[in-house]
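Summary of structural features
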Amino acid sequence: MLKCNSLTKSFDKKLFSEFDLELEPGEIIAITGPSGCGKTTLLRCICGLEEPDSGSIYLNDKDITNLPAEKRGVGLIFQNPVLFPHLSVEGNLLLGNKKGDVAKALEEVGLSEFQNRRVESLSGGEGQRVALARALLAQPKVLLLDEPFSSLDDELSDKLVQDVRSILKQRKCPAVLVTHNKIIAENFADSVISL
Amino acid sequence: MKLRLSSSCAVIAYTLLVVVPLWLAIDRLIWVAGFDPLGWINSLNGNYISQGVVAFTFLQALLSTVVTLVIGLPIAWQLGRYKWPLQSLIKATLTMPFVMPSIVAAMGFLHLIGPSGLNIRIDDTTWFATLIIAHAWFNLALVIRFCEPVLSTLDPNLEEQMRLLPAGHSKIGRFRNLWVPLLAPSIAAAACMTFVFSFTSFALVRWITLGDNTLESVMANIGSSAGIPNYMLARNEIILGASLIQFTVLIASLWLMSWLQHRRQNLLPQASEFTVKRVNHSGWMIISPAVIFALSPLIAVFWASFRIRHTDSTGTSYSWETSGWEFAFAGSSSMSSAWDALWNSLGYAMITLCIALPLGWALAQTILDVEKERPKTARFLDVLTMIPFAASSVMIGLGVMLGMIRIDAEFFYSFWPTPVIAHVMITTPFVVRIMLPALRSLNPIYDECAQTLGIPAWRRFMSIRLPLLRGSILVAVIFTLAMSLGEFGASWVVTRNSDWTTLPIMIDSLRSIPYNNTYTAPAACAVSSVLMGITLLLFTWAEKFRPARDGGMF
């Protein structure tokens, strides 16, 4: 499924070196580590927003290391929900898939009736659900999650962790979560790796 | 780092369109006059045409700056600190003079102080005072735009905290320890820009004073005989001397402005306008006269377009007619009609827009792309795009004219779009200044997020970038159109040897006709009213789309 071979990346300091990862279909893994250890950069390298210094990335046995981000089929959910302020919830979702079933996608994340809402009226948790619905509507081969629960309060975070996990499992969508919170990592993923 | 193809094209196009004509012009002048910078400057006082011009230019610019601040600061304070009914309309009215073509302002003030208005036009002193007031009218918007946002959005906790400290117990203490330090960079930046605009004033000086000249108007007046070998050589030296002084002063002012603006943008704790502003009824004593001051010259122009003077053996009488409008739109064998001028102006403005908008946008994007990895290159490009600001419109006009003579005079003088070159030179830096802060404030995470959704580059541009930048793009479009339509200095120099009359040139030509023609002054006001109407329409439209806290000055 997703395979990272000897990924190395450094900016001013070395972030990660010779990092290997193998993700099976439907598997969810979590990567933990302290702030600044390169968790986010690793996800950005996998989805194509950053270039690794060396190493290669394969998706379904195809080398995607040099493919632009939009052609990889890898989705990413950012730490804070990135919703386009000039579009409604529906408009944001249609960006993921022009012909997608918006109502069904919103229902899946527990936000039925939110179709015509303006994005600025959403709470943090609702925004993150919309971002998830949009990412899933794009039907990614792998979904990457960059600490999407860190800005939410504990109760909401626990609920969203369970909800997102069950949606991903239902869809058999493989996912990689990075977080500094080991409890969230253990609750969300099938296995946990330290960076 | 890979530079995009569009970036390379933009830099090359800008160099060809803007830098090369100016370089060709200077090269031509030096070729004719010889390289002697001190001699050029000395020639300004050694020649009767330009005697005293340097002193007059500095004096009127300094006085105009002081008077603008004296009038503008209380208005900015009232607008920024207190709630007003019809607040946005008041703000739009008070900032509107800045976008009015300077020749319209000149016509407005001429009629306001002339026999049909207040009738206070007496001697040199009243002319000079009128010029200073007209500059203050024109630049009032700068003080408001620079200072009002600081006042209206500053977190009130700062003032509340200051009240509780010994240094801020009194109003004077708070003024000295809070407001002066916070407002100083904005006031200084507004003063710098006011000085620049007053220093390069042309239409107002040309029409309001009794034959006084600034460096700008001297260059415009003698420009037609420049660049010709063995012909009036002293005039080339005067132009070079005037350009040298003007360029140095403007570069220094713009550098200071840019430094101050950078300081101004250092983040201050901000709050919503609703929590900052209070009600203040006595402030109407400042706001009402300010609104009347802003509107008077414009009303005077429109008013005067219908007032026809009749002189016969029994004396002078006036009647209300539309003959001035008819005269302007009918045209004659020696004067184009206002329709021709309107079509020329609209044509030039549209072509200017088609070139300046993509060019300015691409340049702004280039500066943004290179500034992370090559800050020095970005700074160089930034300064390069500001060259026309430091060159003034008449210098640009001369640049285009002398550049044309150098390349192929016959072709350019018969080529209708020639004035567009000058308009592009003048408007492109404004597009860069509007688009650069907008592009800087566009969070790259939107583009990254769209990439991870698999959206291709073209669709990302159309459905994400374009809508998010819509406000700034529209402001840039409207500003470019308004500036091109009202451009006077450069067009006056470039079109002098052609038949391509624009609206501002037609106003100037009508006013230049001897006063014994009853219809010329009302006709000039009629054409001014047309230009004023279009500008007002564009300005109102721009205000609607101006992004909140855009950080730009326009």
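For clarity, every value in this text was computed on a predicted model and none was experimentally measured.

Let us look at the overall build of chain B. Counting secondary structure elements, chain B contains 23 helices and four strands. Seen through its C-alpha atoms, chain B measures out along the principal axes to roughly 75 × 60 × 50 Å. Residues counted as buried form 55% of the 554 residues belonging to chain B. Sequence separation of 24 or more characterises 81% of the internal contacts of chain B that already satisfy a separation of 6 or more.

Okay, the packing of helix α5 (residues 102-113) of chain B against helix α6 (residues 124-153) of chain B next. All names here are of chain B. With their axes 11 Å apart at the nearest point, α5 and α6 run at an angle of 135° to one another. In this view, α5 runs oblique relative to α6, as classed from their interaxial angle. Handedness of the crossing formed by α5 with α6: right-handed. Across from S102, A105, F109, L110 and I113 in α5, the residues of α6 making contact are W127, T130, I133, A134, W137 and F138. Of the residues in the contact of α5 with α6, the class split is nine nonpolar, two polar and no charged.

Residue and element names in this part refer to chain A. A surface patch of negative charge is lined by E18, D20, E22 and E24. Take E24: it is sitting in the loop between β2 (14-23) and β3 (28-32). For E24, a relative accessible area of 43% corresponds to the partly exposed category.

In this section: the environment of T209 of chain B. All names here are of chain B. Checked against the element boundaries, T209 lands in the loop between α9 (203-208) and α10 (215-222). Taking the C-alpha atoms as reference points, T209 and D124, separated by 85 residues in sequence, lie 7.5 Å from one another. Look past the residues within four positions of T209 in its chain and what remains in contact with it is F56, W127, L131 and L204. Within the local environment of T209, its side chain forms a polar contact with the backbone oxygen of V205, the two atoms lying 2.7 Å apart.

With that settled, consider the interface of chain B and chain A. In this assembly, 18 residues from chain B lie in contact with 21 residues from chain A. Where chain B abuts chain A, roughly 1600 Å² becomes buried across the two surfaces, and 67% of that area is made up of carbon and sulfur atoms. Between the two partners, chain B and chain A, sit two salt bridges. The salt bridge involving E448 of chain B is made with R44 of chain A; its shortest N-O contact spans 2.7 Å. Taken together, the connections running from chain B to chain A amount to four residue pairs in polar contact (both at pLDDT 80 or more). Among the elements of the structure, α19 (444-452) and α20 (457-486) of chain B are those that each provide at least two residues to the side of chain B that touches chain A.

Residues and elements named next belong to chain B. Taken over all residues, the pLDDT of chain B has a mean of 82, while the share at 70 or more is 90%. For the stretch residues 549-554, pLDDT sits under 50, and the model shows 22 contacts to residues farther than four places along the chain or on other chains. Two numbers describe this predicted complex: its pTM, 0.77, and its ipTM, 0.77.

If you check helix α4 (residues 124-137) of chain A, its first and last C-alpha atoms are 20 Å apart, about what 14 residues at 1.5 Å a residue would give, namely 20 Å. In terms of residue burial, α4 of chain A counts as a mostly covered element, since 12 of its 14 residues are buried. Considered for burial, the residues of α4 of chain A that qualify are G125, G127, Q128, R129, V130, A131, L132, A133, R134, A135, L136 and L137 of chain A. Its buried side turned inward, α4 of chain A meets β6 (74-77), α2 (89-96), α3 (102-108), β7 (142-146) and α5 (154-171) of chain A together with α19 of chain B.

Residues and elements named next belong to chain A. Spatial strand order, β6-β7-β8-β3-β9: five strands in an open sheet with parallel pairing. Looking at strand neighbours, the two that pair on one side only are β6 and β9 (191-194), the edges of this open sheet. Each adjacent strand pair in this sheet contributes to an overall mean axis angle of 20°, direction not counted. Strand direction decides the pairing type here: β6 and β7, joined by four bridges, are parallel. Following the sheet pairing, L76 is matched in β7 by L144. Lying over the sheet, helix α1 (residues 39-47) contacts β3, β6, β7 and β8 (175-179), oriented at roughly 155° with respect to β7. Contacts from α5 reach β3, β7 and β8, with the element oriented near 135° to β3.

Let's shift gears to the sheet that holds strand β5 (residues 62-63) of chain A. All names here are of chain A. Sheet architecture is open: four strands sit in the order β2-β1-β4-β5, paired in antiparallel fashion. If you trace the sheet from one side to the other, it starts and ends with β2 and β5, each paired once. Note: strand β4 (residues 54-59) against β5, two bridges, orientation antiparallel. Counted as the bridge partner of L59 is K62 from β5. Each of β1 (2-10), β2 and β4 touches α1; the most contacted strand, β2, lies at about 55° to it.

The subject of this paragraph is a nonpolar patch on the surface. Residue and element names in this part refer to chain B. Taken together, the side chains of W255, L256 and W259 present a nonpolar region at the surface, about 350 Å² in accessible area. Positionally, W255 belongs in helix α11 (residues 233-264). W255 sits in the exposed class, given a relative accessible area of 57%.

The way to describe two aromatic rings as a pair is by their centre distance and the angle between their planes. Residues and elements named next belong to chain B. Summed over the entire model, instances satisfying the criterion amount to 25 aromatic pairs over all chains. Between F195 and F199, the ring centres sit 5.5 Å apart and the planes meet at 35°, which makes this aromatic pair tilted. Of this pair, F195 and F199 both sit in helix α8 (residues 171-199), four residues apart, roughly one helical turn. Judged by its relative accessible area of 0%, F199 falls in the buried class. A ring pair is formed by W458 and F461, whose centres lie 5.8 Å apart and whose planes are at 20°; its orientation type is stacked. Within this pair, W458 and its partner F461 are both found in helix α20, separated by three residues, close to a single helical turn. Judged by relative accessible area, W458 falls into the exposed class, the value being 62%. On the basis of relative accessibility, which here comes to 26%, the residue F461 falls in the partly exposed class. The cationic tip of R307 hangs over the ring face of Y318; the distance from NZ or CZ to the ring centre is 4.1 Å.

Thresholds applied
- Every residue gets a number counted from 1 within its own chain, in the order that chain's sequence is written.
- The order in which chains are written sets their letters, starting at A; the order in which ligands are written sets their numbers, starting at 1.
- Given that this is a predicted model, residues contribute local features only at a pLDDT of at least 70 and side-chain atom pairs are listed and counted only at 80 or more, while totals for whole chains, interfaces and linings are drawn from all residues.
- Side-chain measures here rest on the full set of heavy atoms in the structure, leaving out hydrogens and waters.
- Counting from the N terminus, the helices are the DSSP runs of H or I reaching at least four residues and the strands are the DSSP runs of E reaching at least two.
- Think of it in three bands: with a 1.4 Å probe and only protein chains considered, a residue is buried below 20% of the maximum accessible area for its type, exposed above 50%, and partly exposed in between.
- Any pair of residues with heavy atoms lying within 4.5 Å of one another is described as a contacting pair.
- Simply put, an axis is a line fit to the C-alpha atoms, just over the touching stretch for a helix, and the angle between two N-to-C directions goes from 0 to 180 degrees.
- Orientation labels follow simple angle bins: below 35 degrees gives roughly parallel, above 145 gives roughly antiparallel, 65 to 115 gives roughly perpendicular, and whatever is left gives oblique.
- Note on convention: the crossing is left-handed when the near helix lies turned anticlockwise from the far helix by less than a right angle, right-handed when the turn is clockwise.
- Put simply, Ala, Val, Leu, Ile, Met, Phe, Trp, Tyr, Cys and Pro go in the nonpolar bin, Asp, Glu, Lys and Arg in the charged bin, and everything else, Gly too, in the polar bin.
- Residues enter patches when their relative accessible area tops 30% and they take part in no salt bridge; the joining distance is 9 Å for like charges and 5 Å for the nonpolar side chains Val, Leu, Ile, Met, Phe, Trp and Tyr.
- Per-residue and other accessible areas follow the Shrake-Rupley method at a 1.4 Å probe size, with only the shown protein chains counted as cover for residues.
- When a carboxyl oxygen of Asp or Glu is within 4 Å of a side-chain nitrogen of Lys or Arg, the pair counts as a salt bridge.
- Think of it this way: Lys and Arg go in the positive column, Asp and Glu in the negative one, and His and the chain ends go nowhere.
- Taken as the charge location is NZ of Lys, CZ of Arg, CG of Asp or CD of Glu.
- The definition of a polar contact used here is a pair of N or O atoms within 3.5 Å, where within protein one atom must be able to donate a hydrogen and the other to accept one, and adjacent residues in sequence count solely through side-chain atom pairs.
- Buried area counts how much accessible surface, traced with a 1.4 Å probe, disappears from two parts once they are put together, with both parts' losses summed.
- Per-residue confidence from the predictor is reported as pLDDT, which spans 0 to 100.
- What a helix is expected to span follows from its residue count: subtract one and scale by 1.5 Å.
- Strands are labelled as partners when DSSP assigns at least two bridges between them.
- Pairing of aromatic rings covers Phe, Tyr and Trp, the last counted by its six-membered ring, and requires centre-to-centre distances within 6.5 Å; plane angles under 30 degrees mean stacked, over 60 mean edge-to-face, and any other angle means tilted.
- By definition, being over a ring means that NZ of Lys or CZ of Arg is both within 6 Å of the ring centre and within 35 degrees of the ring normal.

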